[in-house]
Every structure is written in C-alpha cells, then in structure tokens.
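Structure assessment
Next come the chains, spelled out residue by residue.
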Amino acid sequence: MRQVDLVRMIPCRAALSFARCLIRRKIVVLDSLEDSKLSRCLSTVDLIALGVGSTLGAGVYVLAGEVAKADSGPSIVLSFLIAAVASVMAGLCYAEFGARVPKTGSAYLYTYVTVGELWAFITGWNLILSYVIGTSSVARAWSGTFDELLNKQIGQFFRTYFKINYTGLAEYPDFFAVCLILLLAGLLSFGVKESAWVNKIFTAVNILVLLFVMVAGFVKGNVANWKISEEFLKNISASAREPPCENGTSIYGAGGFMPYGFAGTLAGAATCFYAFVGFDCIATTGEEVRNPQKAIPIGIVTSLLVCFMAYFGVSAALTLMMPYYLLDEKSPLPVAFEYVGWGPAKYVVAAGSLCALSASLLGCIFPMPRVIYAMAEDGLLFKCLGQINSKTKTPIIATLSSGAVAAVMAFLFDLKALVDMMSIGTLLAYSLVAACVLILRYQPGLPYEQPKYSPEKEALRSFTNATSESASQPIMLQGQGFSLRSLFSPSALPTQQSSSLVSFLVGFLAFLVLGLSILTTYGVHTIASLEAWSLALLVLFIVLFIVIVLIIWRQPQNQHKVAFMVPCLPFLPAFSILVNIYLMVQLSAETWIRFSIWMALGFLIYFTYGIRHSLEGNSRDEEDDEDAYSDDINTATEEKSAIQANDHDERNLSLPFIFHEKTSEC
C-alpha cells in the first residue's frame, strides 16, 4: 500500500516542480542602474528619433491614399485620431514598465517580471519573428521604391536572368535588399551611437519632406473636396458606367466628410492602427540610454504624438489637394501633386520615402538583437547569442546572426503572405504588457528588488518609505477569508488575496474579450439578424466585461510610485487588451497556422534547452540547495523516529523522493 502511494506521489511532485519552472518570475536587481554591459550613451532625443523613424515609415506616403479611397474618405483624419488613441493606450503601458524596469528586453522582460517564464518566452519568440519579417519586408520595399525611380530596370534585369519559379518564393532574388540589411547590421554592430546619428539624419529628412507635403497641401488644397455631394458622385458613377451600391448610393459613398459613414471611419482606424506599430523599439534601449526611467516614457509618448501629427497632417493635405475618389492607392502623393500642377514635387516625395524606409529599416533591425541578447542572457536561448563586443559594447553575435537570417528571407522569400504574422507578435506583446500593468499595480509587493540610495537614483528615492509601509501592512491582513463583500469593499492596502483575485480576473477578462471578439467577428450576421442567442451572448459578454473591470477597479493598488504611471487604471489597460485581441481575431486562419508552426519550433527550443539553462532556475538552485538539504535531513530524521515508534503516518513514505529532490530543479 505504501509503495503504491509513493509511486503516485512522485509524478505529482515532478509535475508540480515542472509547473513552477514555467511560472517562475525574473528577479531584476535595480541596485546599480548605471552598470550595464552595453554602452549607456543614448539621449532622450535619440529615443524620440528612433521611435519616430521606426513608426513613421513609408506607410505615411501610401497608407493615407489606400484608406481614404477605400474606407474613410476625408474622415481619414478621424481614423488616424482613433488609431492614435488606441496606440497611445499600449504606449502608456510600455512607458510605465520602462520607468519601473529600465533594462533591455522590452515586452519580453516585462512579461518575465510579472507573469512568468513561459509567457515571457512566447512573447520574446514572437517579437523576434516580428522584427525579422519586418526587417525583410522593409528592405524589399526599399529596393522596390528605388527600382521605381529607375523605371523598374533592376527588377527587369533580375526577372530576365535570375527568375525563380517556385511557390512561396520571391519572383527573383533581391540582392539589393540583402546588401542593405547587411550594411545596416554592420553599422549597428559598429556602435549604437553611430547608428543613432544615422537614424536622426534619415528621420530629420523624412520630417522635413512631410512638412513640405503638409504646407503644399494646405496651400493648394480646396475645402470643397471635403464637401462633395452625393448627387455629384452618382453622376460620376453613371458616366463611368459603374453600377450603384445595394442601398442606391454611389460606389464612392454618400459624399461629404464621411462618405462611407462612421462604420467606414472605424474600418479605416483598424487599418491605421498598424501605422503606429514600432514605438516598442524604444523599450529595448533600457541599458543604453542615460536616465532611462524618464527618457523611455518621454520617448514613447513624444514619438507617438509626433507620428500622429504627421499622419493627421499628411492625410488632411492629401484629401484637400485631390478628391478622395480620384486618389491613387499605390502612389497617392505624386499623383496628387500632378493633379494640382506641382509635378516635380514627386522627386521630393521619393527622397522622403527612401529616408522613411531607411529609418524604419534601422528601427526594425535595432531592437531585434537586443531581445535575442536579453533572452540569451537569461538562458532561454543559446548562450553564444548573448556575447557583447568589448570595444563597441553591442550584442555583436545577435546582431550579425539576426541580420543574416533577415537577409536570407529578403533574398528568397515572398513576404506578402508572412507580413500578417508580424501583427500577431506585436498585438500579443501589447496585450501582455497591458495585462502585466494591471497585475503589477495590484500586487502587495514588487517583483523586483529595490535599489539602494545613490544620487543617480533620485527618481526612486522618494517612494522607498511608501513602499516599505505598503509591503508591511498587508501581512496583517492576509489572514482574512474571502467574501463577496471583499470584491467591492476590500481593505485599504493590497493583500495576497486581493492580488490573486486581480490576477485571476485579468486572465478571465482576456478569455472573455476573446469570446466577445470571435462573436462580433464571425457572428456579426446573426447579431444583425437579431437572433436571440447571439444577442443574449453579446449582452452577457459586455456585462461581464464591465463587472470584472469594476471589481478590479475597487481593489487596492500598490502605493509604490515611479517616474511614470498609466492613468485611468484599470480602464485604459482593459480597453487596450480589448482592442489588441479584437485585431488578432481579424487575422486569417492561414496566418494562425503559420504562427502555430513558428510556436512549435519555439517550444522545441524552450523545452529542450531553455527550461534547463534558465538563469532564474539555476540561481535559485544554488541559493536553495543548503536550505533544501538541511530540511530534507531534518525530515528524514523525524520520519525515521516515527517509523521506530510504529507511527503509521503516511508522510514518511515520501522520504526517498524528498531526500533527493532539489526544490527549484526542473
């Protein structure tokens, strides 16, 4: 009987130990913020330029025309405003973590600190995919734009002599894109300060060109293009022999400022949201920027503001210069300048577009090796990827290897089918960072060690006393039992009970939002048909969402203060989670299948290498070995005495396993 119980106990303990490995959290020591293996040489201006350059890519020259003609019309300015608000929500969550944990790693590190190792690896693995595909696709776009200036002579040459006839591969190998990626990867490995200067030059030229476009648009524009009548559009459709829509309106909408209605404006906002992706590269500079606790939040918020003003101004100028239904979807600005009689301005636009692509490419390559370096430093990826060059203070192996992979993809593959996979990694990271902010703010203690006093850490000095007070008082409250009253009338300070409740509710909120997104995406016709089950389910999801957010809102927050904190908690992070998960559900099934293949490869690496070499697991083994073995010896002695006294307590049956087990070993 005892042997049977022992056999049952061993798998249970092994499973428990394995589960603890998956949820172990990283302990970040902030005792010496100025110490870093990387070169701490970037300023706040460098971060703003990096964020603007990465976010304000060639999309500003193309996206406005596509969305205005197909979805929003002149109300594209509102589409960009809505998209900017949704992006700022994610940006504020990144900004708070940048102030709390100013280390390299971005969303990977933030997730590791808050919710554990497995989710951190998933986040980091998907960020790597996003940056690799982003780098390859931007490099091919740069090559294609340059080819357009040469009347497509480069493409014609390679199609003639190097044509590839295989499904899934590119039409021809793009040698130009390969050279561009390797050139910028070499620049980054040479030094971060030099790369920052090059990025500032490209970004400055891009901003100047966009200012020229805005001024030209407002000078040559006509407000009448925002007030086109529906009758005029119907006459144009009739003259073009194009049939009207089902509701009798023109194919160009009903005219006016919102020709496709508010629904069209929202549809345009969903597309414009991706135009603000890229600011997260700022969060990877935690160990390379001076005064990161202030510089990172300022850099993220300012770069998003600058990008919004640029998108808003360019889209307004474009729709004022030319009626929205005449816009060219591939090259709207050159065609618009031709329309107003400023044909030579297209060369200025081309120069700005190349500079924007160059800055965007640098913004894609820059964070990629830093996420790889952070994961390798933690032992989740191969240790060689975490090597730092002693002269340049850059992760040279991670930079060159990731650049080589991106170059191969740009050289051979057709990336159009893979670009949507970038969205999964980015949106998943946004969702997890927002969830981590919710969880972290309601914890009774902080998942990282407090720094000691020093003049450089004055930003953290003022709230040490408040932290110690909030950490000591909850201990007296942890003995309280759970009750319904504690949901809406909890204690004044966070307890282990309240933090566990918030963690559970945040997870439940994510699944709830997923169900709501699936219903509103694939069940929209049943909702429009007023079917009872779909309406009841919709109301249930919305009511539960509101109730959960209100319960979280009523829970006590940690009193610890940092240089920047997300306002309107928990409403702003909760809405950010809603937006991000909804956009993830919109992606195609083929994209999710490719994503699953990538994740399978990642799990293979993690469960065969990362989980055994994790720095957190190894360090805890060393710290806990002496205590664990002394406890085991004491337990063995007690159980031996119990056996001699004919004590039939069944716990002595676990002696053979307990004695040899290390508490943190996987």
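Residues numbered from 1 in each chain as written. Predicted model: local features only at pLDDT ≥ 70, side-chain atom pairs only at ≥ 80, totals over all residues. Heavy atoms only, no water.

Examining helix α25 (residues 589-613)
- Between its first and last C-alpha atoms α25 spans 34 Å; for 25 residues at 1.5 Å apiece the expected length is 36 Å, and the two agree.
- Most pronounced at Y606, the bend in α25 amounts to some 45°. (Helix = DSSP H or I, 4+ residues; strand = E, 2+ residues; numbered from the N terminus. Expected span 1.5 Å × (residues − 1). Bend = angle between axes of the 7 residues up to and from the residue.)

Quick look at the pattern of salt bridges
- Taken as a whole and assessed by the stated rule, the structure comprises 10 salt bridges.
- Salt-bridge contacts for E338 lead to K346; the nearest nitrogen and oxygen are separated by 3.9 Å.
- Overall, the relative accessible area of 45% leaves E338 in the partly exposed class.
- Overall, the relative accessible area of 33% leaves K346 in the partly exposed class. (Salt bridge = Lys/Arg side-chain N within 4 Å of Asp/Glu carboxyl O. Buried < 20%, exposed > 50% of the residue type's maximum accessible area, 1.4 Å probe, protein only.)

So, unusual backbone geometry
- Following L569, the chain continues to P570 via a peptide bond in cis, the omega torsion being 5°.
- Within the secondary structure, P570 is located in the loop between α23 (532-554) and α24 (571-585).
- Phi at K393 is positive, roughly 60°, even though this residue is not glycine.
- The phi dihedral of C568 is positive, around 55°, even though this residue is not glycine.
- Position of C568 relative to the elements: it lies in the loop between α23 and α24.

Regarding the side chain of Q293
- As for its placement among the helices and strands, Q293 is situated in helix α12 (residues 292-321).
- Of note is the side chain of Q293, whose polar atom sits 3.4 Å from the backbone oxygen of A99. (Polar contact = N/O pair within 3.5 Å; in protein donor to acceptor, adjacent residues only side chain to side chain.)

Side note on a nonpolar patch on the surface
- Together, F212, V215, V219, W342 and V348 give the surface a local cluster of nonpolar side chains, amounting to about 410 Å² of exposed area.
- Ranked by residue count, the leading element in the nonpolar patch is helix α9 (residues 192-220), at three residues.
- Note on placement: F212 falls in helix α9.
- The class for F212 is partly exposed, based on a relative accessible area of 31%. (Patch = residues over 30% accessible without salt bridge, like charges linked within 9 Å, V, L, I, M, F, W, Y side chains within 5 Å. Areas by Shrake-Rupley, 256 points an atom, 1.4 Å probe, with all protein chains shown as cover.)

Some thoughts on the packing of helix α15 (residues 367-377) against helix α16 (residues 396-412)
- Put simply, α15 and α16 touch, their axes get as near as 8 Å, and they point 120° apart. Between α15 and α16, the interaxial angle falls into the category oblique. The crossing of α15 and α16 is right-handed. Across the interface between the two elements, M368, P369, I372 and Y373 of α15 pack against A398, T399, S402 and G403 of α16.
- Its residues placed into classes, the contact of α15 with α16 shows five nonpolar, three polar and no charged. (Axes fitted to C-alpha atoms, helices over the stretch in contact; angles between N-to-C directions. Parallel < 35°, antiparallel > 145°, perpendicular 65-115°, else oblique. Left-handed = near helix turned anticlockwise from the far one by under 90°. Contact = heavy atoms within 4.5 Å. Nonpolar A, V, L, I, M, F, W, Y, C, P; charged D, E, K, R; others polar.)

Details of the packing of aromatic side chains
- Under the criterion given, the structure shown has 37 aromatic pairs.
- Between the aromatic rings of F157 and F162, the centroid separation amounts to 6.4 Å while the plane-to-plane angle is 55°, which identifies the pairing as tilted.
- Classification of F157 as partly exposed rests on a relative accessible area of 44%.
- Under the relative-accessibility criterion, F162 is labelled partly exposed at 36%.
- A connected cluster of aromatic rings, assembled from ring pairs, spans Y94, F97, Y110, F273, Y274, F279 and Y430.
- The lysine or arginine in question, R370, covers the ring of F366, its NZ or CZ lying 4.0 Å from the ring centre. (Phe/Tyr/Trp six-rings, centres within 6.5 Å; stacked < 30°, edge-to-face > 60°. Lys NZ or Arg CZ within 6 Å of the ring centre and 35° of its normal.)

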